[in-house]
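Close look at the chain arrangement
As a plain string of letters, each chain reads:
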Amino acid sequence: MILNKKFIPLLTSMLILFCCNVSFGLERVDPALHKWMRETNIGTKDKTQTVELKVTYYSNEYVQELIRVQAEKNLWTNSEMEDYKYALLKRLNFNEYIPFNINMYVEGIPVYAQPFDKYLTLTVGRKRYKPVDYDKQFNLKISGRREGMIFFSRYDEKTGKDILEKARDVRLTIDGSIAYALASRGEVTWVWDITKDKPSEKTGAAAARLEIDRLIKRVNKLNADRKKLQDQVDVIDKELNEVNTRIDELQEVN
């Protein structure tokens, strides 16, 4: 797909704004976006540290509404909206990952959370998952505001099935040991009901194109794996031929 060159700068700025979720103003006025956000504020009794956490789950509905709001706000044509939709889903790697945005504000004693992913757990049903990727800026000293994306695999590593397929809710937990202010609580958990969060035709075309991209990558990987295996088979076949030839030679002598 070739994106409209005039649209690329605007598209890039939109992705930075919403994939990183820099501003919470839009979500406050749009219920469909706000319903996927969670906020927790915790401070120590001695007021030496305050931690503010804002978490957004990039659900199907959230992404669909994000696309609609931006299209209306910027008066995009259908072509521009499709470009944005495709680029947004690709930026989020939506077909492979379950994305979350974490906006963290620390006042007082700084937070040192390296590696950051060890403090996060996604629970779906009875299974628990760790992030497969995250913004590495969270590994640095956190004092003031820090914001970025966290990604969990959409597919179970053992079964290969979509972990959200029959799920009723998702739970993101952050270990309380990450910060002095959270330690007394042990952990903080946010819950999202996803029983009605289904893919829509609004993102269907773009999602289908992304799925094609993913499947093409999969085909390329399988072809590469097959070539490696074929090379091994060829080596074995060659040795078998040599061994059988030698056996025939020895039998002729006898």
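Presented here is an overview of the structure given in this document. (Residues numbered from 1 in each chain as written. Predicted model: local features only at pLDDT ≥ 70, side-chain atom pairs only at ≥ 80, totals over all residues. Heavy atoms only, no water.)

A few words on the sheet that holds strand 4 (residues 120-124). With antiparallel pairing, the four strands of this open sheet are ordered in space as 5-4-8-9. Looking at the sheet topology across the chains shown, the edges are occupied by strand 5 (127-129) and strand 9 (187-193). Put simply, the sheet's adjacent strands are angled 25 degrees from each other on average, direction ignored. Here seven bridges tie strand 8 (residues 169-175) to strand 9, and the two strands are oriented antiparallel to one another. Across the sheet, Asp 175 pairs through a bridge with Glu 187, a residue of strand 9. (Pairing = 2+ DSSP bridges. Helix = DSSP H or I, 4+ residues; strand = E, 2+ residues; numbered from the N terminus. Axes fitted to C-alpha atoms, helices over the stretch in contact; angles between N-to-C directions.)

Glancing now at the pairing of strand 8. Regular strands show a simple pattern: their side chains alternate between the two faces of the sheet. Note that strand 4 and strand 8 share five bridges and pair antiparallel. Following the sheet pairing, Leu 120 is matched in strand 8 by Ile 174.

This model, assessed by the stated rule, comprises 10 aromatic pairs. For the ring pair Phe 100 and Phe 152, a centre distance of 5.8 Å and an interplane angle of 85 degrees mean the geometry is edge-to-face. Within this pair, whereas Phe 100 is found in strand 3 (residues 97-111), its partner Phe 152 is found in strand 7 (residues 142-153), the two being separated by 52 residues in sequence. Note on Phe 116 and Tyr 134: the rings are 6.3 Å apart at their centroids and 45 degrees apart in plane angle, and the pair reads as tilted. Here Phe 116, found in the loop between strand 3 and strand 4, pairs with Tyr 134, found in strand 6 (residues 133-134); they are 18 residues apart in sequence, far enough to count as distant. As far as burial versus exposure is concerned, Phe 116 and Tyr 134 are alike and both buried. Connected via pairs of aromatic rings, a cluster forms that spans Trp 36, Tyr 57, Phe 100, Phe 152 and Trp 192. The ring of Tyr 134 carries the charged tip of Lys 136 above its face, separated from the ring centre by 4.4 Å. When the ring centre of Phe 94 is taken as reference, the NZ or CZ atom of Arg 154 above it lies at 4.7 Å. (Phe/Tyr/Trp six-rings, centres within 6.5 Å; stacked < 30°, edge-to-face > 60°. Buried < 20%, exposed > 50% of the residue type's maximum accessible area, 1.4 Å probe, protein only. Lys NZ or Arg CZ within 6 Å of the ring centre and 35° of its normal.)

Relative to the 21 Å expected for 15 residues at 1.5 Å per residue, helix 5 (residues 78-92) spans 21 Å between its end C-alpha atoms, a close match to the ideal helical length. Following helix 5 by one or two positions, Asn 93 adopts a phi angle in the positive range, close to 50 degrees. (Expected span 1.5 Å × (residues − 1).)

Purely geometric numbers; function is a separate question.
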